[in-house]
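Residue-level structure breakdown
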Amino acid sequence: GCDGSILIENGPNAEKHAFGHQGVGGFEVVEKAKARSEDACPGVVSCADIVALAARDAIALSNGPSYQVPTGRRDGEVSNVTLADDMPDVSDSIQQLKTKFLHKGLSEKDLVLLS
């Protein structure tokens, strides 16, 4: 989720172990950035902000558009594999994707933009 909950390691039931998250990686990079930010300014920068800023930088470094990222996200405190059950999956039909996005308060336009 947008709260960085995928980064919480709490055993085999952690969200990062969900079937739909098999291709997600780079956790060690975020953990390294978090450790450095904690050394410089403890309790100020969230993992969720680090992920959002890293995504922006990755897009810019691959010649994509540059854009501003508002900060101030708070990290989640709960990570459970079941929380990822209704995340979009590559095998979902368009109707399933529309439904999943709608349940998250997102529109069909959001579906297109985020895909």
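Since this is a predicted model, take the numbers as computed values, not measurements.

Points about the pattern of salt bridges
- Throughout the structure, instances matching the rule amount to six salt bridges.
- With a closest N to O distance of 3.6 Å, Glu9 and Lys16 form a salt bridge.
- Residue Glu9 is classed as partly exposed on the basis of its relative accessible area, which comes to 47%.
- Exposure remark for Lys16: the relative accessible area of 13% places this residue in the buried category.

Examining unusual backbone geometry
- In this structure, Asn63 is a non-glycine residue whose phi angle is positive, near 65°.
- Secondary-structure assignment places Asn63 in the loop between α2 (47–61) and α3 (94–103).

Here we look at the domain arrangement of the chain
- Structurally, the chain comprises domain 1 (5–84) and domain 2 (88–114).
- Using only C-alpha atoms to locate each centre, domain 1 and domain 2 end up separated by 22 Å.

Concerning the nonpolar core
- Membership of the largest hydrophobic core is limited to six residues, which are Ile6, Leu7, Phe27, Val30, Cys47 and Ile50.
- Elements with a minimum of two residues in this core: α1 (27–40) and α2.
- Among all residues touching Phe27, those that are not within four sequence positions of it are Ile6, Leu7 and Lys16.

Scoring rules and cut-offs
- Residues numbered from 1 in each chain as written.
- Predicted model: local features only at pLDDT ≥ 70, side-chain atom pairs only at ≥ 80, totals over all residues.
- Heavy atoms only, no water.
- Salt bridge = Lys/Arg side-chain N within 4 Å of Asp/Glu carboxyl O.
- Buried < 20%, exposed > 50% of the residue type's maximum accessible area, 1.4 Å probe, protein only.
- Helix = DSSP H or I, 4+ residues; strand = E, 2+ residues; numbered from the N terminus.
- Domains from an automatic or database assignment.
- Core = buried A, V, L, I, M, F, W, Y, C linked by side-chain atoms within 4.5 Å.
- Contact = heavy atoms within 4.5 Å.

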